[in-house]
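A structural walkthrough
The residues making up each chain are set out below.
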Amino acid sequence: MLWLGMSGLFEPVVLSLGAISIVITLILSVRLGLKDREASPYHRIVAFILYTPYLISEIIKANFTVIKAVLKPDLDIHPTLVKVKTTCRSDLAKVIFANSITLTPGTVTVRVDDDSMLVHGLFEDGAQPEAFEDMDRRASLAGDGRSKSKPAPKAKPTEAPASETEATS
């Protein structure tokens, strides 16, 4: 659609060749297993649209906090790294959450693990794990379709590995 709008070519031959190429691409994608619900998350479009105003408001609030800190004569920041647990289960929801944190001024997602993220924050008091709970819940709703995850089953305790001296004897 972008190419069509920018090229200005609305001739029937060009339009029909474009439509044919789109159909062939879709057929090949499905046959190769490249198209799935997470690769084409159009089923989540309403949730994304509902999440956007919240994210914009968080970005604006964080901008004011960072601007106030920068304009003070003494740079009043206390950088910190914090581990934030997430309820997001799909990769899509984790990406939404991690990118939302990074888009918010003053915070950057450094690493994403299975159920947690390492976040760098400029302000220690604003970068506590509790500060991200609402964003996590909303990102999970936008990406996974649910706001609360089911608790993960508890792992069975495993025996400690034998030391090297015991293993070699």
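Our structure is the block above this text.
In this numbering scheme, every chain counts its residues from 1 along its sequence in written order. Side-chain atom pairs in this predicted model are given and counted only at pLDDT of 80 or more, local residue features only at pLDDT of at least 70, and totals for whole chains, interfaces and linings cover all residues. Values shown for side chains rest on all heavy atoms present in the structure; no hydrogens or waters enter the calculation.

**Remarks on the packing of aromatic side chains**
Paired rings are identified among Phe, Tyr and Trp, the last through its six-membered ring, by centres lying within 6.5 Å, and are further divided according to the angle between planes into stacked (under 30 degrees), edge-to-face (over 60) and tilted (the rest). For the structure shown, the criterion picks out one aromatic pair. Considering the side-chain rings of Tyr51 and Tyr54, the 5.8 Å spacing of their centres and the 50° angle between planes classify their relative orientation as tilted. With Tyr51 and Tyr54 both in helix H3 (residues 45-71) and three residues apart, this pair spans about one turn of that helix. Note on classification: 1.4 Å probe, protein chains only; a residue is buried when its accessible area is under 20% of the maximum for its type, exposed when over 50%, partly exposed between these limits. When its relative accessible area of 7% is taken as the criterion, Tyr51 is described as buried. Counting from the N terminus, the helices are DSSP H or I runs at least four residues long and the strands are E runs at least two residues long.

**Concerning the side chain of Asp136**
For Asp136, the location among the structural elements is in helix H5 (residues 133-144). Positive residues here are Lys and Arg, negative ones are Asp and Glu, while His and the chain termini are left out of the count. Whenever a carboxyl oxygen of Asp or Glu lies within 4 Å of a side-chain nitrogen of Lys or Arg, that contact is scored as a salt bridge. Despite its burial, Asp136 remains without a salt bridge, the nearest opposite charge being carried by Arg137 at 8.3 Å. Look past the residues within four positions of Asp136 in its chain and what remains in contact with it is Lys85, Thr86, Thr87, Cys88 and Phe97. A contact between two residues is defined here by any heavy atoms of the two lying within 4.5 Å.

**Examining the packing of H3 against helix H4 (residues 91-103)**
Between H3 and H4, the shortest axis-to-axis distance is 10 Å and the interhelical angle comes to 25°. The orientation of H3 relative to H4 falls into the category roughly parallel. Remark: the crossing between H3 and H4 carries right-handed chirality. On the side of H3, the interface is formed by Phe48, Tyr51, Leu55 and Ile59, while H4 contributes Leu92, Ile96, Ser100 and Leu103. Every axis corresponds to a line fitted to the C-alpha atoms, with the helix fit spanning only the stretch in contact, and the corresponding angles, defined between N-to-C directions, vary from 0 to 180 degrees. Orientation is classified from the angle alone, with under 35 degrees giving roughly parallel, over 145 giving roughly antiparallel, 65 to 115 giving roughly perpendicular, and any other angle giving oblique. Crossing chirality is assigned from the near helix's rotation relative to the far helix, an anticlockwise turn below a right angle marking it left-handed and a clockwise turn marking it right-handed.

**Details of the pattern of salt bridges**
Scanning all chains against the criterion turns up six salt bridges. One salt bridge connects Arg111 with Asp113, and the closest N-O pair in it is separated by 3.3 Å. Ionic pairing is found between Asp134 and Arg138, a salt bridge with its closest N-O pair at 3.2 Å. Of this pair, Asp134 and Arg138 are both found in helix H5, four residues apart, which corresponds to roughly one turn of the helix. Several salt bridges share partner residues, and in doing so they unite Asp134, Arg137 and Arg138 into one network.

**Section: the nonpolar core**
For our purposes a nonpolar core is just a set of buried Ala, Val, Leu, Ile, Met, Phe, Trp, Tyr and Cys residues, chained together by side-chain atoms within 4.5 Å. Of all hydrophobic cores here, the largest spans 21 residues; its most connected members are Tyr51, Ile96, Phe97, Ile101, Val119, Phe132 and Met135. Those elements giving two or more residues to this core turn out to be H3, strand E1 (80-85), H4, strand E3 (116-121) and H5.

**A word on the sheet that holds strand E2 (residues 107-112)**
Paired strands, in this sense, are two strands between which DSSP finds at least two bridges. Read across the sheet, three strands follow the order E1-E3-E2 without closing on themselves; strand pairing throughout is antiparallel. Edge strands, defined here as strands with exactly one partner in the open sheet, are E1 and E2. Going from strand to strand, the sheet's axes swing by 30° on average, the running direction of each strand aside. Here E1 pairs with E3 via six bridges, running antiparallel. Its bridge partner lying in E3, Lys85 is registered against Ser116.

**Considering helix H2 (residues 12-31)**
Residue count minus one, scaled by 1.5 Å, sets the expected span of a helix. The terminal C-alpha atoms of H2, which comprises 20 residues, lie 29 Å apart, in line with the 28 Å expected from a rise of 1.5 Å per residue. A positive backbone phi angle near 75° is found at Gly33, which sits one or two residues after H2.

**A word on the pairing of E3**
With five of its six residues buried, E3 lies for the most part within the structure. Bridge count between E2 and E3: five bridges; the pairing is antiparallel. Looking across to E3, one finds that Arg111 is bridged to Leu118. The loop that links E2 with its antiparallel partner E3 comprises three residues.

Function cannot be inferred from these measures alone, as they are strictly geometric.
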